[in-house]
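Listed below, chain by chain, are the residues.
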Amino acid sequence: MKTLDRHSPPSGAQAAVPGTPPRTRGRGPRQDRAVTWLFLLPALVYIALFFGYPIVKNVLMGSQDYTTATFFTGSSPWVGWANYRTFFTGPLAGTTFLNTAVFTVGSIVGQFSIGLAVALFFRRRFPLSGLMRSLLLLPWLLPLIAGTAVWRWILDQDSGVLNSVLMHLHLVHSSVPWLSSPSFALYSVIIVNVWIGIPFNVALFYSGLQGIPAEQYEAAAIDGAVGWKAFRHITWPALRPVVTVVLVLGVIYTLKVVDIILGLTGGGPANSTQTLATTAYQDSFVQFSFGQGAAVSNVLMVVSLLFACLYLRVNRRASDE
Amino acid sequence: MGLTKRRQAAFTVIGLCLLAVMLFPVYWMLNASLQSGSSGAGSTLLPLHPTLAAYRLALSQQGGNILTSLVISCGTVVLSLVIAAPAAYVLAKTAIRGRSVILFALVVTQMIPGIVIANSLYPVFNQVGLLDTRVGLVLADTSTALPFAILIMRAFMASLPGEIIEAARVDGAGFVRTFVSIVLPISRNAVITAALFSFLFSWSDFLFALTLTTGSSLRPVTLGIYDYLGDNVQAWGPVMATGVLSALPAIVLLAFAQRFIAVGQLDGAVK
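Quick caveat, the model's predicted, so the values are computed rather than measured.

### A few points about empty space enclosed by the protein
Residues and elements named next belong to chain B.
- The full count for this structure, using the stated rule, is 1 cavity of 30 Å³ or more.
- Taken as a whole, the largest cavity spans an internal volume of roughly 50 Å³.
- Every residue lining the largest cavity is listed: Ser-69, Ile-72, Leu-137, Asp-141, Ser-202, Trp-203, Asp-205, Ala-209, Pro-220 and Thr-222.
- Of all elements in the fold, only helix 2 (53-93), helix 5 (134-158) and helix 8 (188-203) reach the threshold of two or more residues within the lining of the largest cavity.
- A breakdown of the residues in the lining of the largest cavity according to their chemical character gives 5 nonpolar, 3 polar and 2 charged.

### Some details on the interface of chain A and chain B
- Each partner contributes residues to the interface: chain A has 91 residues there, and chain B has 99 residues.
- In total, chain A and chain B occlude about 8500 Å² of area from one another, counting both sides; carbon and sulfur atoms represent 80% of this.
- It is Phe-39, Tyr-46 and Trp-153 of chain A that lose the most area in chain A upon contact with chain B, and together they represent 10% of the buried surface on that side.
- Applying the counting criterion to the chain A and chain B interface returns 0 salt bridges.
- Examining the composition of the side of chain A that touches chain B, we find that 19 residues originate from one element, helix 1 (residues 29-61) of chain A, more than from any other.

### Points about the environment of Arg-188 of chain B
Residues and elements named next belong to chain B.
- Mapped onto the elements of the fold, Arg-188 is located in helix 8.
- Assessed through its relative accessible area of 46%, Arg-188 is described here as partly exposed.
- C-alpha separation for the pair Arg-188 and Leu-57, spaced 131 residues apart in sequence, amounts to 40 Å.

### So, the nonpolar core
- Judged by nonpolar contacts, the single largest core of 186 residues is most densely connected at Phe-205 of chain A together with Ile-150, Met-153, Met-157, Leu-212 and Met-240 of chain B.
- In terms of residue count, helix 2 of chain B provides more of this core than any other element does, 16 residues in total.
- Residues in contact with Leu-212 of chain B, not counting those within four places in the same chain, are Ala-118, Leu-121, Tyr-122, Phe-125, Leu-131, Asp-132, Leu-137 and Ala-140 of chain B.

### What to know about the confidence of the model for chain A
- Mean pLDDT over chain A works out to 87, with 89% of the residues at or above the 70 mark.
- Ignoring residues within four places in sequence, the model shows residues 1-26 of chain A, a span with pLDDT below 50, making 19 contacts including any to other chains.

### Side note on the layout of surface pockets
- The computed volume of the second largest pocket comes to approximately 490 Å³.
- The wall of the second largest pocket is formed by 19 residues, among which Trp-151 of chain A together with Val-21, Met-22, Phe-24 and Pro-25 of chain B lie closest to the centre.
- Counting residues per element, the lining of the second largest pocket draws most heavily on helix 1 (residues 5-33) of chain B, which supplies 5 residues.
- For the lining of the second largest pocket, a count of residues per class yields 19 nonpolar, no polar and no charged.

Conventions adopted
Here the residue numbering is sequential within each chain, running from 1 through the sequence in written order. As a convention, the first chain written is A and the first ligand written is 1, with the rest following in written order. Note on the predicted model: pLDDT of at least 70 is required for a residue's local features to be given, and 80 or more for side-chain atom pairs to be given and counted; whole-chain, interface and lining totals, by contrast, use all residues. Hydrogens and water are ignored here; the side-chain numbers use all heavy atoms of the structure. Residues are said to line a cavity or pocket when one of their atoms sits within 4 Å of a point; the points come from a 1 Å grid over protein atoms alone, cavities being sets where a 1.4 Å probe fits but cannot get out and pockets being open sets with protein on both sides within 12 Å along at least five of seven lines. Grid points are joined across faces, edges and corners, and a volume is the space filled by probe spheres set on the points. A run of DSSP states H or I qualifies as a helix once it reaches four residues; a run of E qualifies as a strand once it reaches two. Both are numbered from the N-terminal end. For this scheme, ten residues count as nonpolar: Ala, Val, Leu, Ile, Met, Phe, Trp, Tyr, Cys and Pro. Four count as charged, namely Asp, Glu, Lys and Arg, and the remainder, Gly too, count as polar. Residue contacts are defined here by distance: any two heavy atoms, one from each residue, within 4.5 Å place the two residues in contact. Once two parts are joined, some of their accessible surface, as seen by a 1.4 Å probe, is lost; buried area is that loss totalled over both. Criterion for a salt bridge: a side-chain nitrogen of Lys or Arg within 4 Å of a carboxyl oxygen of Asp or Glu. Partly exposed describes any residue whose relative accessible area lies between the buried limit of under 20% and the exposed limit of over 50%, with all areas from a 1.4 Å probe on protein chains only and scaled to the type maximum. The definition of a nonpolar core used throughout is a set of buried Ala, Val, Leu, Ile, Met, Phe, Trp, Tyr and Cys residues joined through side-chain atoms within 4.5 Å. Confidence per residue, as judged by the predictor, is encoded in pLDDT with a range of 0 to 100.

Dropping the structure here:
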């Protein structure tokens, strides 16, 4: 790092102009500690206001009958577990949980395996590999909703390019209702989420692979471990910490996806793509039943935090080593 | 890893195929945005007769929204940096009580689903008049950017050699002065990285834009795109043109900031 060159002292060092009164000398550790807290205070206040308060408020709202009427009357009666009961005993709870699970598992399996394969592929040096690797990040730079918009069109039953290509190749005989049929929609949504997640997975896996010394492979090759054997005995064990991070971050991220689903299907058709996150959104901001929405989003938060705990445990262990 | 010439060529070809599949949607967006913009079905594989008509339409319909997004994103960058930089320094270089608790909380906040925050901010914003305001969206978007910014700058500042700071202190610079004229300039790369990501988070924010606005008075561009998708889309040209326009700031910023960003720094933000 050039900026740390010791031969050119940092510009601030000139602050100690001789003859300057010992203005700063009076600053003892106590004064320093006060300034320290002043430095930290805005961040703490912000976190308290925009995380602490909302979380507590959301937990409370989950037990209240909180609707638009509340904004006018100011009354939001306590209803105990009623919102949760409404959700869990409602006709859609099973579908929502199943969709959330399928969406999450499907997305992770797709992103993970394709991401790892692509990263392994790009580990080799060949002409244009570096350029291609950077270009691969492009989808990640699009705002999610813009990526969703183009997929909405690609997957359109009548005017979509996917169907027209498939029909030209005679792979299908009639256009597939990718987004408008309950039996396809969830898979289509998963495909788009996989597409969006691949660059992130490739980036993490690639940097993980860079950390494995080439000598390990050379030594293993002498023992006859190449190809699949080398992957099993060297690559996979060395990648394991990265694998855990990628998996858990992937789950936490996928659980809260709303852009893709709202943009592609709006949760339909016939609720076939409704997840915990979109249900929470619909309850609060379409039905204006904020208490109900709070209950569902609290369920989502608990699920996310369970995975977060897993992540933090694993991560702590990884950094202890 | 050594490959023969022929295998190298094979790898390049496979790589290009892979890239073609992955980037097809991006290409399709660009391609469609350059075509007449009439009906979706009429688009050809190549923009043989490119026209900027779709961009003209997109700019006239979404120009204001793009401006709104710019203002909100810049606001988020400024607010995030002003709050995050001093906090990152303290968390990196002082043995303050409860530091590990604060760091733990920062990691956890990144895992709270945005819908939880949106759901509880709505009534509050409604009460204090922050719905449909730029300030409201800046405040909400900062909640995504701030923990990330603190963690990423802290990771960098923690790696600064302590002697630099001690030297400054010995020379009589106070705590604030050390921070402003030594730590910040040295941490330039980390600050730029944090700024870039704050911008990107806020620029692509959809959830807060969707939930914390009620009417049509304030529309960031992500919401503009969503509105296009709402009614059955007749002309994809302007939608795709808006998509391309919405990707430009990210691409320009990244191209500009690339030399400052060490991807390795990102590790610090997730650990």
